[in-house]
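# Remarks on the overall topology
Chain residues, written in single-letter form:
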Amino acid sequence: MKEELSTEVEQLSPSEDHLHLLQSLRTLKAAPPTKNWAGVRVSPPSYEGTVMRAVNQLEETLSKQMKKLFDVKLKGIQQSAVDLTLDPDSAHPKLILSDDGKQVTHGDVKKNLPDNPQRFDYCVIVLAKQSFSSGRFYYEVQVEGKTKWTLGVMRESINRKGLITASPQKGVWVICLRNENEYSALAGPSVRLSLKSQPQKVGVLVDYEEGLVSFYDVDAAALIYSFTGCCFTEKLFPLFGPSLNDGGKNSAPLIISPVNHTE
């Protein structure tokens, strides 16, 4: 078959009559029938599972490395820890402070207290006795068991009577929890925060000269949110808002925790 085809092509190749050439080639013996592969499927080797496992392993390794780096960074931040106590003269009349000034809860009964200029009469919050107007300071607050809370700092000159709008423009830098798992930064307008885990202890860092207020999930060693580019011109007071008791659902206290920066 191969020799016959070769001989016939050689005989026809000198011809300038291309139509004759094509017509002559039609007389050649037809090729044997081939298999119809239309219904045959060949699945290529699947590497999807292998690739996904490799990607997941890489992500896990990077996550562990990032946590280690952030652990080191947080340990450095914790060196700026300060000792805070709550100021009873600033506390809303429905707030209950512990004797040592480290815990605050919301009570359902409004106490009969002197209405001094330092006391909040509408917003259910309390400030620390200590204020800061330079450098860096850091503190940690246990929020475990709470469904609502507000934490941050406030400038000294804010009028403590009536409704207070929480925003940096008004001199308030806070984040809050609402409805058990809704976290927000009250940045004017509010910024909804998406967290991988619910913080049980929140760290607050303020750098006066850098104009920075940052919040951390201490146990996860993760940044929650930062207010940057802040302009501080007066004293700043740490702010604590345990929020309403909600019939006992939110009865857990906010606790100023000792900072363990020696590990």
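Residues numbered from 1 in each chain as written. Predicted model: local features only at pLDDT ≥ 70, side-chain atom pairs only at ≥ 80, totals over all residues. Heavy atoms only, no water.

The protein chain carries the name B30.2/SPRY domain-containing protein in an unreviewed UniProt entry, which gives Cyclopterus lumpus as its organism.

On to the overall build of the protein chain, then. Looking only at helices and strands, one finds three helices and 13 strands in the protein chain. As displayed, the protein chain offers around 16000 Å² of accessible surface, 53% of which is attributable to carbon and sulfur atoms. (Helix = DSSP H or I, 4+ residues; strand = E, 2+ residues; numbered from the N terminus. Areas by Shrake-Rupley, 256 points an atom, 1.4 Å probe, with all protein chains shown as cover.)

Attention shifts here to the sheet that holds strand β8 (residues 191-193). Strand order across the open sheet formed by six strands is β3-β12-β5-β6-β7-β8, with antiparallel pairing between neighbours. Both outer strands of the open sheet, β3 (126-127) and β8, are each paired with one neighbouring strand and no more. (Pairing = 2+ DSSP bridges.)

Counting 38 residues, the largest nonpolar core has W149, I175, F227 and F240 as its most contacted members. Beyond its immediate sequence surroundings of up to four residues, I175 is in contact with W149, T150, L151, S184, A185, L193, F215, I224, Y225 and F227. The next biggest cluster of nonpolar side chains, apart from the first, holds 13 residues, and it includes I125, L127, I158 and I164. (Core = buried A, V, L, I, M, F, W, Y, C linked by side-chain atoms within 4.5 Å. Buried < 20%, exposed > 50% of the residue type's maximum accessible area, 1.4 Å probe, protein only. Contact = heavy atoms within 4.5 Å.)

Attention now goes to the pattern of salt bridges. Under the definition given, this model contains five salt bridges. A salt bridge links D83 to K102; the shortest N-O distance between them is 2.6 Å. A residue pair is termed long-range when its members are at least 10 positions apart, and D83 in the loop between α3 (48-77) and β1 (95-97) and K102 in the loop between β1 and β2 (103-106) qualify at 19 residues. Judged by relative accessible area, which is 17%, K102 ranks as buried. Between D207 and R136 there is a salt bridge, and its shortest N-O distance comes to 3.6 Å. Placement of the pair is D207 in strand β9 (residues 201-207) and R136 in strand β4 (residues 136-142), with a sequence separation of 71 residues. Overall, R136 belongs to the partly exposed group, its relative accessible area being 40%. (Salt bridge = Lys/Arg side-chain N within 4 Å of Asp/Glu carboxyl O.)

Our focus in this paragraph is the side chain of D207. The class for D207 is buried, based on a relative accessible area of 9%. Within the local environment of D207, its side chain forms a polar contact with the backbone nitrogen of E209, the two atoms lying 3.4 Å apart. (Polar contact = N/O pair within 3.5 Å; in protein donor to acceptor, adjacent residues only side chain to side chain.)

To continue, consider the pairing of β2. Looking along a regular strand, one sees side chains alternate from face to face of the sheet. Examined bridge by bridge, β1 and β2 share three bridges and lie antiparallel to one another. What sits directly across from L97, in β2, is V104. The pairing of β2 with strand β13 (residues 254-257) spans two bridges and is classified as antiparallel. Across the sheet, residue V104 finds its bridge partner in β13, namely L254.

This part covers the environment of G229. Note on placement: G229 falls in the loop between β11 (222-227) and β12 (236-241). Along the chain, G229 and E209 lie 20 residues apart, while their C-alpha atoms are 10.0 Å from each other.

Below, the discussion takes up the sheet that holds β9. Pairing in this open sheet of seven strands is antiparallel, and the strands run β1-β2-β13-β4-β9-β10-β11 from one edge to the other. For this open sheet the edge positions go to β1 and β11, each flanked by a neighbour on one side alone. The sheet shows a mean angle of 20 degrees between the axes of neighbouring strands, direction not considered. Here β9 runs beside strand β10 (residues 212-217); their pairing, made up of six bridges, is antiparallel. Directly across from L205, in β10, lies its bridge partner S214. (Axes fitted to C-alpha atoms, helices over the stretch in contact; angles between N-to-C directions.)

Time to look at the state of the cysteines. Scanning the entire structure with this criterion turns up zero disulfides. This cysteine, C230, is not joined by any disulfide, and C231 carries the nearest cysteine sulfur, 9.0 Å off. A residue is classified by how much of its surface remains accessible, and C230, at 16% relative accessible area, is buried. On the basis of relative accessibility, which here comes to 64%, the residue C231 falls in the exposed class. (Disulfide = S-S within 2.5 Å.)

Below, the discussion takes up the packing of aromatic side chains. Applying the stated criterion to the full structure yields eight aromatic pairs. With 6.2 Å between their ring centres and 75 degrees between their planes, F215 and F227 make a pair best called edge-to-face. Residue F215 is found in strand β10, and its partner F227 is found in strand β11; the two are separated by twelve residues along the sequence. Owing to a relative accessible area of 4%, F227 belongs among the buried residues under this scheme. On the numbers, 5.0 Å between centres and 80 degrees between planes, the contact of Y225 with F227 is edge-to-face. (Phe/Tyr/Trp six-rings, centres within 6.5 Å; stacked < 30°, edge-to-face > 60°.)

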